[in-house]
Amino acid sequence: MKRYILTGTPGAGKTAILRWLECDGHTVVEEAATDVIALHQARGEPKPWTKP
């Protein structure tokens, strides 16, 4: 089984490509950093990526 990693700048279309592949029946594993950042920002920490 071939595996691929999508990289790119924000707004480059990574998520759009993932959704298209998912709709086409491919297994997709998303990164969790965006969810972790959103959680910390919701808790009032504006830039959680600046802390270890």
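The structure under discussion appears in the preceding block.
Residues numbered from 1 in each chain as written. Predicted model: local features only at pLDDT ≥ 70, side-chain atom pairs only at ≥ 80, totals over all residues. Heavy atoms only, no water.

K.L.:
Honestly, the overall build of the protein chain in this entry has me stumped. Any pointers?
P.N.:
Secondary structure summary: the protein chain contains two helices and zero strands in total. In the protein chain, which comprises 52 residues, the share counted as buried stands at 6%. For the protein chain, the exposed area adds up to about 5,000 Å²; of that, 60% sits on carbon and sulfur atoms. One way to put it: in the protein chain the 7 positive side-chain charges average out to a point 6 Å from where the 6 negative ones average out. (Helix = DSSP H or I, 4+ residues; strand = E, 2+ residues; numbered from the N terminus. Buried < 20%, exposed > 50% of the residue type's maximum accessible area, 1.4 Å probe, protein only. Areas by Shrake-Rupley, 256 points an atom, 1.4 Å probe, with all protein chains shown as cover. Lys, Arg positive; Asp, Glu negative; His and termini not counted. Charge placed at Lys NZ, Arg CZ, Asp CG, Glu CD.)

K.L.:
Help me understand the pattern of salt bridges, please; the structure alone is not making it clear to me.
P.N.:
Tallying each qualifying case throughout the model produces three salt bridges. A salt bridge links Arg19 to Glu22, with the nearest nitrogen and oxygen atoms 3.1 Å apart. With a gap of three residues between them, Arg19 and Glu22 both fall in helix 1 (residues 14-23), about one helical turn apart. The salt bridge partner of Arg19 is Glu30, with a shortest N-O separation of 2.7 Å. In this pair, Arg19 sits in helix 1 while Glu30 sits in the loop between helix 1 and helix 2 (33-42), placing the two residues eleven residues apart along the sequence. Residue classification places Glu30 among the partly exposed residues on the basis of a relative accessible area of 46%. (Salt bridge = Lys/Arg side-chain N within 4 Å of Asp/Glu carboxyl O.)

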